[in-house]
Amino acid sequence: MSQRTAEAAVRTINDTVQTAGTCSIVLSGGSTRRTLYSLLASQFRAQIPWAHVHVFWGDERYVPPEDSRSNFRMARETLLDHVPCPPANIHPMPTHFPSADVAARDYELTLRNHFVEEWPRFDLVLLGIGDDGHTASLFPGSLALAERTRWVVAAQAPVEPHVRLTLTLPALTRAAAVYFLVAGAPKADALRHVLEGRGDWIKYPAAGVRLGTGSVIWWADREAAAMRNVSQ
């Protein structure tokens, strides 16, 4: 699954750079993405025009960047330390402000300085889905799901660390392409609810990531795709 996702990501990045001269990608945390990042940093490293890639994050735990729980640290150790992406092109979510809300507003300013449109238009967003149907740090029943004007907000997670930063649904749904990576049997029920097309996005936030003009591709292993009506 990760191999095929990496191949598709390389094609998307190269096609976008060839057309627009630059490509913006959004990373997220999780063990499934760890494997993908390692592939992009090794087998596919030379196939990506890293000088033209800008890297952003879909969410972050509000911990220092050196913390083992940091999404930035995971991406740095598995991917960014091993590829020639210019440091100026790497845009991690800040976690050094006393307030997570101030940090969210600061990161939104970073995005607004990069994207001139009314909403960000990411070229490729890499996401996962939790056993409970959450994606990024948009959890079931979260107040962040109701946000309609801001690009980035502080959010509360039901698990440690509780304080997070996350892109909002309106910011995610303007992307050109979103890849969901889903692995393991515990994700099967949530995946089925989302892919059946009638998933409640308040209960299963990943169901809210539906693009108007872009494409959403779900990459699932056999265990995650084992539920009825989900093709492998």
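Everything numeric here is computed off the predicted structure, so don't read it as measured data.

Right, let's get into the environment of glutamine 43. Relative to the assigned elements, glutamine 43 resides in the loop between α2 (31–41) and β2 (53–57). Take glutamine 43: its relative accessible area is 44%, and that puts it in the partly exposed class. Sequence separation between glutamine 43 and alanine 6 is 37 residues; the distance between their C-alpha atoms is 9.3 Å.

Now for the pattern of salt bridges. Working definition: two side chains of opposite charge can pair if their charged atoms are close together. Under the criterion given, the structure shown has 8 salt bridges. In this structure, aspartate 101 and arginine 150 form a salt bridge, with 3.1 Å as the shortest nitrogen-oxygen distance. In this pair, aspartate 101 sits in helix α4 (residues 100–114) while arginine 150 sits in the loop between β4 (124–128) and β5 (152–156), placing the two residues 49 residues apart along the sequence. Assessed through its relative accessible area of 31%, aspartate 101 is described here as partly exposed. Its relative accessible area of 14% is what places arginine 150 among the buried residues.

Further remarks concern the nonpolar core. Core analysis: the largest hydrophobic core is formed by 75 residues, its most contacted members being Leu27, Trp57, Leu79, Leu111, Phe122, Leu167 and Tyr179. If we skip the residues at most four places from it in the chain, leucine 79 touches Leu27, Tyr37, Leu40, Ala41 and Trp50.

Sheet architecture is open: 3 strands sit in the order β3-β6-β5, paired in antiparallel fashion. Of all strands in the sheet, those bounded by a partner on one side alone are β3 (59–61) and β5. Adjacent strand axes in the sheet meet at a mean angle of 25°, parallel and antiparallel pairs treated alike. Where β5 meets strand β6 (residues 163–167), 5 bridges bridge the pair, whose relative direction is antiparallel. Within β6, the residue paired with alanine 155 across the bridge is arginine 164.

Take the sheet that holds strand β8 (residues 215–220) next. Strand order across the open sheet formed by 5 strands is β2-β1-β4-β7-β8, with parallel pairing between neighbours. Both edges of this open sheet fall to β2 and β8, since each of them pairs with a single strand only. Averaged over all pairs of adjacent strands, the angle between strand axes in this sheet comes to 20°, irrespective of strand direction. Two elements, β4 and strand β7 (residues 177–182), share 4 bridges in a ladder whose sense is parallel. Along β7, the bridge assignment pairs valine 125 with valine 178. Contacts from helix α1 (residues 2–20) reach β1 (23–27), β2, β4, β7 and β8, with the element oriented near 165° to β7. Running over the sheet, α4 touches β1 and β2 and is turned about 155° from β2.

Within β4, 5 of the 5 residues are buried, leaving the element largely enclosed by the surrounding structure. What you see with β4 is no split at all: Leu124, Leu126 and Gly128 on one side and Val125 and Leu127 on the other are buried throughout. In this structure, β1 lies alongside β4, joined through 2 bridges in parallel fashion. Looking at β4, one finds that isoleucine 25 is bridged to leucine 124.

The next thing to look at is helix α3 (residues 71–78). Of the residues making up α3, those classed as buried are Asn71, Phe72, Met74, Ala75 and Thr78. For α3, the arc enclosing every buried residue in end-on projection is 165°, short of the 170-degree limit, so these residues lie on one face. The elements touched by buried residues of α3 are β1, α2, β2 and β3. One side-chain oxygen of the residue at the start of α3 lies 3.2 Å from the amide nitrogen of phenylalanine 72, identifying that residue as serine 70.

Reading the values: the criteria
Residues numbered from 1 in each chain as written. Predicted model: local features only at pLDDT ≥ 70, side-chain atom pairs only at ≥ 80, totals over all residues. Heavy atoms only, no water. Helix = DSSP H or I, 4+ residues; strand = E, 2+ residues; numbered from the N terminus. Buried < 20%, exposed > 50% of the residue type's maximum accessible area, 1.4 Å probe, protein only. Salt bridge = Lys/Arg side-chain N within 4 Å of Asp/Glu carboxyl O. Core = buried A, V, L, I, M, F, W, Y, C linked by side-chain atoms within 4.5 Å. Contact = heavy atoms within 4.5 Å. Pairing = 2+ DSSP bridges. Axes fitted to C-alpha atoms, helices over the stretch in contact; angles between N-to-C directions. Arc of directions from axis to C-beta. Polar contact = N/O pair within 3.5 Å; in protein donor to acceptor, adjacent residues only side chain to side chain.

Remember, this is a structural readout, not a statement about activity or role.
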